[in-house]
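So the chains spell out like this:
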Amino acid sequence: MWADNLPRLLLAALEVTVPLSLISFAIAMVLAVITALGRLYLPGPLKVIPWLYVWIFRGTPMVVQLFIVFFGLPNLGIVLPAMTAAVVTLALNTGAYASEAVRASILSIPRGQFEAAQTLNLSRRTTFSKVVAPQAFRIALPPLMNDFIDLVKGTSLVFAITITDLFQVGRQIAAANFQPMAMYTLVALIYLVIVSALSLLQMVLEKKVSAHVRTS
Amino acid sequence: MSAPAENEPSGARGPSLLESLRLRGVRKTFGSLTALDDVDLDIPRRGTTVLLGPSGSGKSTLLRCINLLERPDAGSIDFGDGPIRLGGRLGARTVRSVRSRSTMVFQQFNLFPHLTALGNVTLAPIHTEGVPKAKAEARGRELLEKVGLGAKADAYPDRLSGGQQQRVAIARALAMEPDVLLFDEPTSALDPELAAEVVAVLADLAREDRTLVVVTHSLAFAQRVADKVVFVEDGKVLLDGPPKDFFESEDARLRRFREMVSSAV
Ligand SMILES: Nc1ncnc2c1ncn2[C@@H]1O[C@H](COP(=O)(O)OP(=O)(O)OP(=O)(O)O)[C@@H](O)[C@H]1O
Ligand SMILES: [Mg+2]
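Since we're looking at a predicted model, the values are computed, not measured.

So, unusual backbone geometry
Residues and elements named next belong to chain B.
- We note that Phe 109 has phi near 65°; this positive angle belongs to a residue other than glycine.
- Positionally, Phe 109 belongs in the loop between strand S6 (102–105) and helix H3 (117–127).
- Judged by relative accessible area, which is 10%, Phe 109 ranks as buried.
- If you check the backbone angles, Asp 234 has positive phi at about 50° while not being a glycine.
- Turning to its location among the elements, Asp 234 is positioned in the loop between strand S9 (228–233) and strand S10 (236–241).
- In this structure Asp 234 comes out as exposed when scored by relative accessible area, which is 56%.

Written as structure tokens, this is what we have:
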């Protein structure tokens, strides 16, 4: 039974779950940085725009968002292929959460760092790229990896919009062979392996960005 | 220990015509509090001006206004080539040009923790002034050597003592080749032995005929290096003259201040 089904599950993981996670997360990071910067630095009234985005996407269940994008938008004449709808929803949802981690990391940088940049006459751009971003990245890394892991597990909802991902393949097999315990355990283990790879990546990255911090 | 090419004309600005730094009518309020009350002050070129005064008198605010870390409500600043109005809205170019004249060394050092000592010293020359990396690094190493940290160029701030960190901060400020170096209580965060290293570097700089403005609570330091003492109280300049004017003044407020500061631990 393993020999028959494991390849099908792995294939679904490699063809759907993993790329869906990677692409959505990459887009989510871009959204998160833009949103965080918007909430911090846009002039007063414009700050509502990023704020509204975060409010809406954190305040509603992701599966409902998926349904709105895939089943709802066609009513407005916007028809998206299932994979596109999934990427859009996952990226927007994760971007909203991750923007808070990014914003908090920027806020945690001491005022003295900005004053040092000012007295050295660094431009805003240089201050951001050479002073703020490297320090903020180190602080934001653990919560961002949390969001990444949540995203990987969140992809298991896309079966609801007709996508045959890892979980959906597991459901199909379980329905056919009447071994739900074995099948879903196997599915869970595959998610666990993917998430473990991310945890490992986190360890490596943390070590890399903490070279300047003395470990006691 | 000599610093070559110190007075090289710095390209864009041409040879400096600086006679002195001149503040006129500088006013800064925080809400209802008047931190600087129409301050007039002349900073002599090539000399050390020490700012003294009770806590909360406005010394830091004054220093920060010179570097525009604080935006004055009114007043002007003149670096010898005409007064620049500091009140109201300032254009980005004005801000950059005023800031390029002075560089601040902070009480808490404010080094960039993710950069090595050399990285801290070369960041602005490379990214703001467009100095080629190799040249900026050679100059950076010279400056670190000058503050006694030639061996620590590749160390991160976290692995340096407070005194060493402050000396890196001084090298970082020197790399900007500003007309005026501003120090806000540069040794207050340091234990006495470490403070002594920093004071030694400051005394070296004072001997090199640089223009220094130093806020301190140390009368000993003022006595040792000051060419001019400015006493600030309640946002006003109460005394402005040679050190002996301050140390020998019979004014009750100055005497009280001298006694209070010397008896403090
Ligand atoms: N950002 C600020 N917001 C509000 N009030 C401020 C601010 N900065 C300074 N002040 C106030 O302005 C006055 C002058 O402060 P300043 O820091 O210049 O004093 P100081 O002479 O440097 O004191 P110290 O010796 O304790 O450092 C104080 O009453 C202080 O509380
Ligand atoms: Mg102060």
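That covers the picture; the talk isn't over yet.
Concerning the site of ligand 1
All names here are of chain B.
- Taken together, 13 residues surround ligand 1, and among them Ser 55, Gly 56, Lys 59, Ser 60 and Thr 61 come closest.
- The contact in question runs from an oxygen atom of ligand 1 to an N or O atom on the backbone of Ser 57, over 3.2 Å.
- Within the side chain of Glu 185, one N or O atom sits 3.3 Å away from an oxygen atom of ligand 1.
- Protein chains shield 61% of the accessible area of ligand 1, which is 630 Å² for the free molecule.
- Going through the elements one at a time, strand S2 (33–44) and helix H1 (59–66) are the ones with two or more residues in the shell around ligand 1.
- The biggest single contributor to the shell around ligand 1 is H1, with three residues.
- For the shell around ligand 1, the residue count by class is four nonpolar, seven polar and two charged.

Re the sheet that holds S2(B)
Residue and element names in this part refer to chain B.
- Pairing is antiparallel across the open sheet formed by four strands, whose spatial order is S2-S1-S4-S5. In the strand order of this sheet, the two ends are held by S2 and strand S5 (83–85), each with one partner. Averaged over all pairs of adjacent strands, the angle between strand axes in this sheet comes to 20°, irrespective of strand direction.
- Contacts from H1 reach strand S1 (20–30), S2 and strand S4 (74–78) within the one sheet, and its direction differs from that of S1 by about 120°.

As for helix H2 (residues 48–59) of chain A
Residue and element names in this part refer to chain A.
- When the terminal C-alpha atoms of H2 are compared, their 15 Å separation across twelve residues agrees well with the 16 Å that a helix rising 1.5 Å per residue should span.
- Turning to H2, its buried residues number three or more, namely Pro 50, Tyr 53, Val 54 and Phe 57. Within H2, the buried residues cover an arc of 95° as seen down the axis, which keeps them to one side. Of the exposed residues in H2, those oriented more than 90 degrees away from the buried face are Trp 55 and Gly 59.
- On the buried face of H2, the contacting elements are helix H1 (2–41), helix H3 (62–72) and helix H4 (82–107).

Observations regarding the UniProt feature "domain: ABC transporter" (unreviewed entry) in chain B
- Within this numbering scheme, the UniProt entry marks residues 21–259 of chain B as carrying the feature "domain: ABC transporter" (unreviewed entry).
- Spanning residues 21–259 of chain B, this segment combines 38% helix with 26% strand, and its end C-alpha atoms are found 31 Å apart.

Describing the side chain of B:Ser102
- Residue position: B:Ser102 is located in strand S6.
- Within the local environment of B:Ser102, its side chain forms a polar contact with the side chain of B:Asn67, the two groups lying 3.0 Å apart.
- Discounting residues that sit within four places of it in the chain, B:Ser102 has contacts with A:Thr119, B:Ile66, B:Asn67, B:Pro178, B:Val180 and B:Leu182.

Section: the interface of chain A and chain B
- At the junction of the two partners, chain A supplies 21 residues and chain B supplies 24 residues.
- Summing both sides of the interface, chain A and chain B together bury roughly 2,200 Å²; the carbon and sulfur share of this comes to 55%.
- Taken together, the links from chain A to chain B amount to one salt bridge.
- Measuring nitrogen to oxygen at the nearest pair gives 2.7 Å for the salt bridge that ties B:Arg64 to A:Glu115.
- Where chain A touches chain B, the interface holds nine residue pairs in polar contact (both at pLDDT 80 or more).
- When residues of the side of chain A that touches chain B are traced back to their parent elements, those giving at least two are helix H5 (111–119) and helix H6 (124–154) of chain A.
- In the side of chain A that touches chain B, the residues fall into eight nonpolar, nine polar and four charged.

Section: the packing of H1(A) against H6(A)
All names here are of chain A.
- At their nearest, the axes of H1 and H6 sit 11 Å apart, and the two run at 130° to each other. Our classification of the angle between H1 and H6 gives oblique. At the point where H1 passes H6, the crossing takes the right-handed sense. On the side of H1, the interface is formed by Ser 21, Leu 22, Ser 24, Phe 25, Met 29, Leu 37 and Tyr 41, while H6 contributes Arg 124, Phe 128, Leu 144, Asp 147, Phe 148, Leu 151 and Val 152.
- Here the residues of the contact of H1 with H6 are counted per class, giving ten nonpolar, two polar and two charged.

Some details on the nonpolar core
- A:Leu9, A:Val158 and A:Ile161 are the most contacted members of the largest nonpolar core, which has 51 residues in total.
- Elements supplying a minimum of two residues to this core: H1, H3, H4, H6, helix H7 (166–177) and helix H8 (180–209) of chain A.
- Those residues within four positions of A:Val158 in sequence are excluded, and the remaining contacts are A:Leu20, A:Leu66, A:Ala86, A:Leu90, A:Ile163 and A:Asp165.
- Counting 48 residues, the second largest nonpolar core, distinct from the first, contains B:Ala117, B:Leu144, B:Ala175 and B:Phe247.

Focus on the pattern of salt bridges
- Counted by the stated rule, this structure contains 24 salt bridges over all chains.
- With a shortest N-O distance of 3.1 Å, A:Arg103 and A:Glu100 are connected by a salt bridge. With A:Arg103 and A:Glu100 both in helix H4, this residue pair falls three residues apart, about one helical turn.
- Relative accessible area serves as the criterion here: at 21%, A:Arg103 is assigned to the partly exposed category.
- With a closest N to O distance of 3.2 Å, B:Asp37 and B:Lys236 form a salt bridge. On the criterion of sequence distance, the pair formed by B:Asp37 in strand S2 and B:Lys236 in strand S10 is long-range, its members being 199 residues apart.
- Under the relative-accessibility criterion, B:Lys236 is labelled partly exposed at 39%.
- Overlapping salt bridges, with partners in common, bring together A:Arg111, A:Glu115, B:Arg64 and B:Glu70 in one network.

Observations regarding H5(A)
- Restricting attention to buried positions, one finds in H5(A) the residues A:Gly112, A:Gln113, A:Glu115, A:Ala116, A:Ala117 and A:Thr119.
- Packed against the buried residues of H5(A) are H6 of chain A together with H1, S6 and helix H5 (162–174) of chain B.
- Immediately downstream of H5(A), the backbone of A:Asn121 shows phi near 60°, a positive value.

Parameters and conventions
- Residues numbered from 1 in each chain as written.
- Chains lettered and ligands numbered in written order.
- Predicted model: local features only at pLDDT ≥ 70, side-chain atom pairs only at ≥ 80, totals over all residues.
- Heavy atoms only, no water.
- Helix = DSSP H or I, 4+ residues; strand = E, 2+ residues; numbered from the N terminus.
- Buried < 20%, exposed > 50% of the residue type's maximum accessible area, 1.4 Å probe, protein only.
- Near = heavy atom within 4 Å.
- Polar contact = N/O pair within 3.5 Å; in protein donor to acceptor, adjacent residues only side chain to side chain.
- Areas by Shrake-Rupley, 256 points an atom, 1.4 Å probe, with all protein chains shown as cover.
- Nonpolar A, V, L, I, M, F, W, Y, C, P; charged D, E, K, R; others polar.
- Pairing = 2+ DSSP bridges.
- Axes fitted to C-alpha atoms, helices over the stretch in contact; angles between N-to-C directions.
- Contact = heavy atoms within 4.5 Å.
- Expected span 1.5 Å × (residues − 1).
- Arc of directions from axis to C-beta.
- UniProt positions renumbered as here; feature names shortened; annotations may be inferred.
- Buried area = accessible area lost by both parts, 1.4 Å probe.
- Salt bridge = Lys/Arg side-chain N within 4 Å of Asp/Glu carboxyl O.
- Parallel < 35°, antiparallel > 145°, perpendicular 65-115°, else oblique.
- Left-handed = near helix turned anticlockwise from the far one by under 90°.
- Core = buried A, V, L, I, M, F, W, Y, C linked by side-chain atoms within 4.5 Å.

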